[in-house]
Amino acid sequence: MLKAIWMSDLHYAANGDVLGHDPKAGLGSAIEHVNRFYKDSELCIISGDMVNRGTVEDYAAVSESLSQLAMPFFPMVGNHDDRVLFKDAFTLPNNCMQDFVQYSISTSEGEIICLDTLKAGSDEGEFCSKRLGWLTERLDALGETPAYLFMHHPPMKLGLPIQDTENLVESDALLELLSDHSNVRHLFIGHVHRPIVGTIKGIPFATMRSVLFQAPAPQPAWDWKTFKPSEEAPSIGALTIANMDVTMQYVQFCRYEDGLV
Ligand SMILES: [Fe+2]
């Protein structure tokens, strides 16, 4: 059995607040909760937006903070990340692509594959032919071994009118590749700061809340001009995989008010 923790969208900042939320309080509470109640997890995956602005100081601070975790952590890039600074700040698995933050982790229950969907300078995501080629080779090489994929940008629309315009563009090739590989068992997706579950091409997926601030539900309707984080508490995922069966608990680790400045 594999036990793992899933965090997303830390939007960490070394100084100050992010939309009225305190990055140090948010991540600090999450780490404390994980170390107290989920110490037996083998690893922690963080599905992108490690920092809010992408400065050297922010990466150093978030890296330092995450070093308090009781288990190894695996960071991924989101639209708020800077790939060059990211690579300088974190130690990544040896099989990581040279030009991208895309790698895989072998576990007793199969392969965890962390994708890089960052499109530099844009909030929407992309998955170019180089990254697609790497994933094709990886999935082919795995044969029957189950694969669990983490990515920042959703490769599909999620019924979120505002956020759906900033997901993965031209995702058809990726979805076709995944549906051609029956060993792809589950997708885990960041970016939307909301909990949503479903299936795509028959493959189950889940999205995750942000460790820091949440996006409102699509109704009542909102837009970026009037955007205000919703008054919902953050959560992380506590994941169990055994014989290809996946269970993921959404775990609230603090109150909404605890994450405010
Ligand atoms: Fe985010």
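Residues numbered from 1 in each chain as written. Predicted model: local features only at pLDDT ≥ 70, side-chain atom pairs only at ≥ 80, totals over all residues. Heavy atoms only, no water.

1. Details of the layout of surface pockets
The calculated volume of the largest pocket comes to roughly 400 Å³. Together, 19 residues line the largest pocket, and H11, N79, H80, F213 and W224 are the ones closest to its centre. Of the residues belonging to the lining of the largest pocket, the class tally is seven nonpolar, seven polar and five charged. (1 Å grid on protein atoms, 1.4 Å probe; cavity = no way out; pocket = protein on both sides within 12 Å on 5 of 7 lines; lining within 4 Å. Points joined across faces, edges and corners; volume = space filled by probe spheres on them. Nonpolar A, V, L, I, M, F, W, Y, C, P; charged D, E, K, R; others polar.)

2. Some words on the pattern of salt bridges
Evaluation of the coordinates by the stated rule reveals 11 salt bridges. Across the pair R209 and E232 runs a salt bridge, and its minimum N-O distance is 3.2 Å. Remark: E232 occurs in the loop between strand 9 (203-207) and strand 10 (235-242) and R209 occurs in the loop between strand 9 and strand 10; sequence separation between them is 23 residues. For R209, a relative accessible area of 15% translates into the label buried. A relative accessible area of 23% places E232 in the partly exposed class. For E257, the salt bridge identified is with R255, shortest N-O distance 3.6 Å. (Salt bridge = Lys/Arg side-chain N within 4 Å of Asp/Glu carboxyl O. Helix = DSSP H or I, 4+ residues; strand = E, 2+ residues; numbered from the N terminus. Buried < 20%, exposed > 50% of the residue type's maximum accessible area, 1.4 Å probe, protein only.)

3. Considering the environment of S182
With respect to the helices, strands and loops of the structure, S182 is situated in the loop between helix 5 (172-179) and strand 7 (184-189). In this structure, the C-alpha to C-alpha distance between S182 and G202, residues 20 residues apart in sequence, is 9.9 Å.

4. Topic: the pairing of strand 8 (residues 197-200)
With four bridges connecting them, strand 8 and strand 9 associate as antiparallel partners. Its bridge partner being in strand 9, V197 is matched across the sheet by A206. The antiparallel hairpin formed by strand 8 and strand 9 contains two residues in its connecting segment, where K201 sits at a positive phi of about 55°. (Pairing = 2+ DSSP bridges.)

5. A short note on the environment of G125
Among the structural elements, G125 can be located in the loop between strand 5 (110-114) and helix 4 (129-142). Sequence-wise, G125 and S67 are 58 residues apart; in three dimensions their C-alpha atoms are separated by 28 Å. Sequence-distant contacts of G125, defined by excluding residues within four places in its chain, comprise T117, K119, H153, E166, N167, L168 and V169. (Contact = heavy atoms within 4.5 Å.)

6. Regarding the side chain of H152
Positionally, H152 belongs in the loop between strand 6 (147-151) and helix 5. Since its relative accessible area comes to 0%, H152 is described here as buried. At a separation of 3.1 Å, a polar atom in the side chain of H152 contacts the side chain of H191. With residues up to four places along the chain from it excluded, the contact list for H152 reads D9, S47, G48, D49, M76, V77, G78, N79, T117, I189, G190 and H191. (Polar contact = N/O pair within 3.5 Å; in protein donor to acceptor, adjacent residues only side chain to side chain.)

7. A closer look at a negative patch on the surface
Judged by side-chain charge, E170, D172, E176 and D180 come together as a negatively charged surface patch. Topologically, D180 is positioned in the loop between helix 5 and strand 7. With relative accessibility at 58%, the residue D180 sits in the exposed group. (Patch = residues over 30% accessible without salt bridge, like charges linked within 9 Å, V, L, I, M, F, W, Y side chains within 5 Å. Areas by Shrake-Rupley, 256 points an atom, 1.4 Å probe, with all protein chains shown as cover. Lys, Arg positive; Asp, Glu negative; His and termini not counted. Charge placed at Lys NZ, Arg CZ, Asp CG, Glu CD.)

8. Things to note about the coordination of the iron ion
Coordination angles at a metal have ideal targets, namely 109.5 degrees for four tetrahedral donors and 90 or 180 degrees for six octahedral donors. Around the iron ion, the protein contributes the donor atoms D9 (OD), H11 (NE2), D49 (OD) and H193 (NE2), at 2.1 to 2.3 Å from the metal centre. Considering all four donor atoms around the iron ion, the spread of angles at the metal, 86 to 175°, places the coordination shape in the irregular class. The sequence pattern formed by the donor residues of the iron ion is D-x1-H-x37-D-x143-H. A relative accessible area of 0% means that D9 is categorised as buried. (Donors = N, O, S within 2.8 Å, 3.2 Å for Na, K, Ca; no water. Tetrahedral: all angles 85-135°; square planar, octahedral: opposite > 155°, others 65-115°.)

9. Some thoughts on the packing of aromatic side chains
All told, the structure shown has 12 aromatic pairs when counted by the stated rule. Between F73 and F90, the ring centres sit 6.1 Å apart and the planes meet at 85°, which makes this aromatic pair edge-to-face. Within this pair, whereas F73 is found in strand 3 (residues 73-75), its partner F90 is found in the loop between helix 3 (83-89) and strand 4 (103-107), the two being separated by 17 residues in sequence. Like F73, the residue F90 is buried in the burial classification. An angle of 65° between the planes, with centres 6.4 Å apart, marks the rings of F213 and F227 as edge-to-face. Within this pair, whereas F213 is found in the loop between strand 9 and strand 10, its partner F227 is found in the loop between strand 9 and strand 10, the two being separated by 14 residues in sequence. The class of F213 is buried, set by a relative accessible area of 7%. Exposure remark for F227: the relative accessible area of 17% places this residue in the buried category. By way of ring pairs, the aromatic residues Y59, F73, F86 and F90 are connected into one cluster. (Phe/Tyr/Trp six-rings, centres within 6.5 Å; stacked < 30°, edge-to-face > 60°.)

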